[in-house]
Amino acid sequence: MTVLHKKLFRSLLRSWAESLAVIMVVLCGTASYICLHSCYLNLALTRDTYYAQNRLADFEIMLERAPANAIFKVEEIPGVRKARARMVKDVNVDIEGVEEPRVGRIISMPVPRRPVMNDVVVMEGRYFEPGVQDEVIVSDSFARLNKLAIGDRLGISVEEKKYSLRIVGYGLSPEYVYMIRTLQEMVPAPERFGILWVPKHFAETALDMKEACNNILGEVDDPKELDAILDRADKVLDGYGVFAKVKQQDQISVRFLGDEIQGLAVNARITPTLFLAIAALILFVLLSRMVRMERTQIGLMKAYGYSDWSVALHYLQYGVILSAAGCLGGFALGQWMADGLIRVYVQLYQFPILESRIYPDVLARSLGIALAFGALGALLASIRAARIQPAESMRPEAPPLGHRVWLERVGPVWRNLGFTWKMIVRNIARNRFRAGLNVFGVAISTGLVIMGFFSLSGMEFWLRFQFQEVQREDVKISFQGERGKKTYYEMARFDHVRRVEPLLEYPFTITSDWRKKDTVVVGLPRGAEMQKLMTFKGKVVPVGESGIVLSDRLARILGVGVGDTIRLKPLMGRVEGEKRAVVRAVAQQFMGTNAYMDINALSRLLNQSFAMNAVLLRIDEDAKESVNREMKDVAGVASVVFNSDAYDSLVKTLAGSSRIMNLVVLLFAGVISFSIIYNVTSVALAERQRELASLRVLGLTTAEVGRVLYHENILLGLIGAAIGLPLGAGICWLLVKAYDTDLYRMPFYIESSAYVKAVLLTLVFVLMANLAVRRKILRLDLVEVLKERE
Amino acid sequence: MNTGNDTNHTDIFQIRGLAKDYQMGEVIVSALRGVSLSIRAGEFLVILGPSGSGKSTLLNIIGGLDSPTRGEVFFRDSDLAGYSEARRTRYRRQHIGFVFQFYNLMPNLTAEENVELATEISPDPLPPAKALEMVRLGERRAHFPSQLSGGEQQRVAIARAVAKRPEILLCDEPTGALDISTGKVVLDVLDNINRRFGTTLIVITHNASIGAMADRVVRMMDGQVRNIVENERRQSAEELDW
């Protein structure tokens, strides 16, 4: 160790609090980088190997009914490598002792086993035995949460007929990593919805589909050709009632998982960069001060013959050493957080394996990035150090030129200012750089804290909006296929049902010029109260008798606005031709890309006078169980979803994942804010030691000297916080933009309380920082300070 | 006044058995070892001594910047040794003006504003402009320190110290950073203040020739008073043989 290294370590020790602040910020930055990045890599790797090993299909065609040999027509399409016919159907599941309806999705599998696309991974138990029909493999989490043991029997009802199947295994599938039944559900409820893999012969019998299928999977040579291939398939399968053609990338589970991974990737880039940039800024402030203070020492070193380069290197090392220290802490914290986050993902996603690997290259990269930012922060200071001329440095630095403050020219104001405030105004006006840095630091802090509160309250706002404003029903009952008025009246007659509203959800291709989107159009009755369309500000958007209301995201995708005409083509059934509709209004939504029409108008588009495939119910309090019992006996009910259950599972999931993440973000924001403010305050104090000592000698009390400093810092803090408000809103807006996907988006909604809390918290930080430097004012050695030469 | 050795004049300070120890790691360094001294109101006292003789420590204790380890420092009737930090601050504010070798001006305040720093906290100050005129800087009061020479900056520091109308003006090597001619101007200003206002003036220096301007010269060595010499006649700054 050279003498310079000793000087380095002693300087670091002497300013331990400031150094620690830099280390903490770097630690937050690298920890978030490592956590988010390794989670991203783990998830992406697991997903890709899982998809490849179990041959996730490149496309899926859903149709009403086709002969099983229709797949040969599909395989003849150029570019298609292989196709698979299967039967898929949602059925009601009876579990002994469970009152709530359970929905199972039957998927037919070949017997004896052969490798197929979208294969089932048997986690426990076995595959079907040849010749036995009544066997079922149940999806893993559904089985566990409903306490279904291998060997138990499971009752299902298909089209009013009841069957009993013996559970032979627990399974998982790449098709259902994120297991929700429809897009509308958003969050998995694995105890209410499960996959039931059954032998092909059983499906043929139960669904009455001998040598037929309603679902075709396919593999292609080049996924880029998918659009053309699917258009051909549409023609080839004409007459079989094709209602959905889904590319792999549009498959529900793939999209959710993909969005999550994408979100991680975005986050892995934004958050650590922000944190490390702030670390660089703090370093810059700290080291610039150090170089100014050590001017004479630097000159002396050079006079002895140290080169510019070795002097520059000396100061660069501060940045590098602090960054390295922060990075080492970040390794541990980041890895620990990554393990925790992966555990959250295990709850949310159904993977056969989910590795939490340590990625040496991520660690190496985080070190590299942290060091780079550290060096960047130290760069300007070391360049300045290198430029110092030995002879010149022995003389005091040219004092700053003073100027008059404009406020001084406003006589009446100036004369009425107290002594303290005159001092403060002059200080700020004549040390604009230092004051600016202080304001800037506080502004960033406020912005960060707003970001922290925003991610926390954004979710709550989202939940409130969705479940208190938009989905106001108690129960949603979906049917298999369309129903008429009769079922509607039937529903209204049930006990405990206070209000019924019909709903028709139908898939369409909506086009406008060359823009095109497959989505669901929802038919609502006039004066619908249980499903409302609104703006985020809470204004209700009515669905008129004619015309169509688009969700904001859909309007953007189609590039249309109010008054424009769009074309609609049903994706299901045997309705021919395109219909037109005028966009009446745009409603704001956080989920999906739906469109909305009057239910009668939508029925007419399908050549019917009235059709519905779901009802929304408002029921008596505590009537959940009896409604459940009643619905269990209604034929053709596909699902019964209680709003409270959906809400609960959402809250549970969010409490598990997002809440923890957001709390971490808020915590990090707090640590970083305090670090910035503490360092800026402490550097400002160090630069003014001499001034403050002079004041003390003149007879100002510590309280009076402190007042000048505190009032100035609080004033600058207030200005900074005021600038931080729009800055924070800007950061949040960027986050909203970064996370915007078809499935869901974050509301750009910052509660006013978040602003208030951020400002208050920032001011608390300012006060804490001032309190922390207070001991330095108290300990100020007047004699020593004043005897040093300037 | 200030001529004979009779006991008729009032003593402003009565210092008895003053000692100051500094703990430097494991070693105790004694900066003062039993100093006894009376300082008369309105006199010009020069304390001479090499560095390490304890003269600065003595000045700092008299000025209320530091407190003694043992001994008494009576300012009129009260012992500074028993003062709390807050009381010492008040004492400095009401009675003491300080001038240091380095001028310690606020670089971002004009000459006049630097003086205002003192007048703002004083109950009956000189107008800042008047204080600057006294140090012959009336013309330059709107200048910032960077626009003034070293001697001028020191005179601003003196103006700042006397603007409070202190009874005692303490100067630690006031000419230490100045050349001969500017140093003489500064000394002349100090001498003038002492004569016009009757301000007790204590100057510490290692420049023995300055002693010729004083009423009395105290020589210090190793933390003790070696001797005290009373001058027959006070020379003017102009007459000094530097």
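From a predicted model like this one, the values you see are computed outputs, not experimental measurements. (Residues numbered from 1 in each chain as written. Chains lettered and ligands numbered in written order. Predicted model: local features only at pLDDT ≥ 70, side-chain atom pairs only at ≥ 80, totals over all residues.)

**Considerations on the overall build of chain A**
Scanning chain A for helices and strands turns up 25 helices and 20 strands. Principal axes of the C-alpha set define a box for chain A whose edges measure 100 × 60 × 50 Å. Looking at the 790 residues of chain A, the share that counts as buried comes to 43%. Nonlocal contacts in chain A, meaning residues at least 24 apart in sequence, comprise 84% of its contacts between residues at least 6 apart. (Helix = DSSP H or I, 4+ residues; strand = E, 2+ residues; numbered from the N terminus. Buried ≥ 20, exposed ≤ 12 C-beta atoms within 10 Å, placed from the backbone. Contact = placed C-beta atoms within 7 Å.)

**A word on the interface of chain A and chain B**
Between chain A and chain B, the residue contacts involve 24 residues of the former and 23 residues of the latter. Those elements that place two or more of their residues in the side of chain A that touches chain B are α14 (419–430), α22 (689–698) and α25 (782–787) of chain A. Considering each element in turn, the side of chain A that touches chain B owes the most residues, six residues, to α22 of chain A. A per-class count over the side of chain A that touches chain B returns twelve nonpolar, six polar and six charged. (Nonpolar A, V, L, I, M, F, W, Y, C, P; charged D, E, K, R; others polar.)

**Quick look at the sheet that holds strand β4 (residues 70–75) of chain B**
Residues and elements named next belong to chain B. A sheet is described by the order of its strands in space; here four strands give the open sequence β2-β1-β4-β5, paired in antiparallel fashion. With one partner strand each, in any of the chains shown, β2 (27–40) and β5 (78–79) form the two edges of the open sheet. Here strand β1 (residues 11–24) pairs with β4 via five bridges, running antiparallel. Looking across to β4, one finds that F13 is bridged to F75. (Pairing = 2+ DSSP bridges.)

**Things to note about the environment of R526 of chain A**
All names here are of chain A. Inspection of the secondary structure puts R526 in the loop between β14 (515–524) and β15 (548–551). Taking the C-beta count within 10 Å as the criterion, R526 has 11 such neighbours and is therefore assigned exposed. For the pair formed by R526 and N600, sequence separation is 74 residues and the distance between their alpha carbons is 9.0 Å.

**Brief notes about the sheet that holds strand β11 (residues 242–247) of chain A**
Residues and elements named next belong to chain A. Spatially, β2-β10-β1-β11 is the arrangement adopted by the four strands of the open sheet, whose pairing is antiparallel. Every interior strand has two partners, whereas the edge strands, β2 (80–86) and β11, have only one. Averaged over all adjacent pairs, the angle separating strand axes in this sheet is 25°, with direction ignored. The pairing of strand β1 (residues 59–67) with β11 spans five bridges and is antiparallel. Each bridged residue has a counterpart across the sheet, and for F59 the counterpart in β11 is K247. The strands touched by helix α6 (residues 226–236) within the sheet are β1, β2, β10 (212–220) and β11, with β11 carrying the most contacts at an inclination of about 160°. (Axes fitted to C-alpha atoms, helices over the stretch in contact; angles between N-to-C directions.)

**Overview of the domain arrangement of chain A**
Residues and elements named next belong to chain A. According to the domain assignment, chain A consists of domain 1 (1–57 + 259–397), domain 2 (58–255), domain 3 (404–470 + 653–790) and domain 4 (471–652). Each of domain 1 and domain 3 was reduced to a C-alpha centroid, and the two centroids are 23 Å apart. Taken together, the contact pairs 20 residues of domain 1 with 24 residues of domain 3. When residues of the side of domain 1 that touches domain 3 are traced back to their parent elements, those giving at least two are α2 (16–53), α7 (252–293) and α9 (308–348). In terms of residue count, α7 provides more of the side of domain 1 that touches domain 3 than any other element does, ten residues in total. A per-class count over the side of domain 1 that touches domain 3 returns 14 nonpolar, three polar and three charged. (Domains from an automatic or database assignment.)

**Re the nonpolar core**
In a soluble, globular protein the nonpolar side chains are often hidden away together inside. By size, the foremost hydrophobic cluster in this structure holds 235 residues, and its most contacted members are V25, A279 and I282 of chain A together with A159 of chain B. Ranked by residue count, the leading element in this core is α7 of chain A, at 19 residues. Contact partners of A159 of chain B, with chain neighbours within four places excluded, come to V115, A131, L132, M134, V135 and L137 of chain B. Counting residues in hydrophobic clusters, the runner-up holds 48 residues, among them Y506, V521, M530 and L533 of chain A. (Core = buried A, V, L, I, M, F, W, Y, C linked by C-beta atoms within 7 Å.)

**Quick word on the packing of α14 of chain A against helix α23 (residues 702–739) of chain A**
Residues and elements named next belong to chain A. The contact between α14 and α23 brings their axes to 9 Å, and the two run at 55°. One way to sum up the angle between α14 and α23 is to call them oblique. Crossing of α14 over α23 shows right-handed handedness. On the side of α14, the interface is formed by T420, M423, I424, N427 and I428, while α23 contributes R707, V708, H711, E712 and L715. Considering only residue class, the contact of α14 with α23 consists of five nonpolar, three polar and two charged. (Parallel < 35°, antiparallel > 145°, perpendicular 65-115°, else oblique. Left-handed = near helix turned anticlockwise from the far one by under 90°.)

**Observations regarding unusual backbone geometry**
All names here are of chain A. With an omega of -5°, the peptide bond between V111 and P112 qualifies as cis. Along the chain, P112 falls in the loop between β4 (102–109) and β5 (121–125). Unusually for a residue other than glycine, N118 sits at a positive phi of about 50°. You can see N118 is positioned in the loop between β4 and β5. At D622, a position not held by glycine, the phi torsion is positive, near 60°. Looking at the secondary structure, you find D622 in the loop between β19 (612–619) and α19 (624–632).

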